[in-house]
Amino acid sequence: MSIVHRITGGALYFGTILVAAWLIAAASGEASYDSVSWLFGTLLGKLVLFGYTWALVHHMLGGLRHFMWDLGYGYEKHFATKMAKATIVGSVALTVLIWVVGYLVRY
């Protein structure tokens, strides 16, 4: 889980560039915004955004797990294993929930 936490942290750098591109396009005018919106609306764009959402949620949950360790809790092997599994399941579930709510609000 430590390496996944590092990988998601690295992926967040790439995702932040996408967010910056979207904001720059929004500030640059309607044509630029439409181009970026089209790109993010393609299947590949949605997969990238879904992956970015998962990386963000997974990294956040991993950070909470590390914070718990900083407070001195959760060092037992069996509990740490349960928390690692919960981080994976929780990040996938929360990512799906975020996207479902996003689509429900959109339409």
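Residues numbered from 1 in each chain as written. Predicted model: local features only at pLDDT ≥ 70, side-chain atom pairs only at ≥ 80, totals over all residues. Heavy atoms only, no water.

Novice: Would you explain a nonpolar patch on the surface in this entry?
Specialist: Together, Met60, Leu64, Leu94, Leu97, Ile98, Val101 and Val105 line one region of the surface with nonpolar side chains, adding up to about 650 Å² of accessible area. Of all elements in the fold, only helix H3 (43-70) and helix H4 (77-106) reach the threshold of two or more residues within the nonpolar patch. For the nonpolar patch, the element with the most residues is H4, which contributes five residues. (Patch = residues over 30% accessible without salt bridge, like charges linked within 9 Å, V, L, I, M, F, W, Y side chains within 5 Å. Areas by Shrake-Rupley, 256 points an atom, 1.4 Å probe, with all protein chains shown as cover. Salt bridge = Lys/Arg side-chain N within 4 Å of Asp/Glu carboxyl O. Helix = DSSP H or I, 4+ residues; strand = E, 2+ residues; numbered from the N terminus.)

Novice: What exactly am I supposed to notice about helix H1 (residues 2-28) here?
Specialist: Compared with an ideal rise of 1.5 Å per residue, which puts 27 residues at 39 Å, H1 spans 39 Å between its outermost C-alpha atoms and is within 8% of the ideal. Residues His5, Thr8, Gly9, Leu12, Gly15, Leu18 and Ala25 constitute the buried set of H1. Those residues of H1 hidden inside the fold are in contact with helix H2 (30-41) and H3. Just beyond H1, the residue with positive phi is Gly29, at close to 130 degrees. (Expected span 1.5 Å × (residues − 1). Buried < 20%, exposed > 50% of the residue type's maximum accessible area, 1.4 Å probe, protein only. Contact = heavy atoms within 4.5 Å.)

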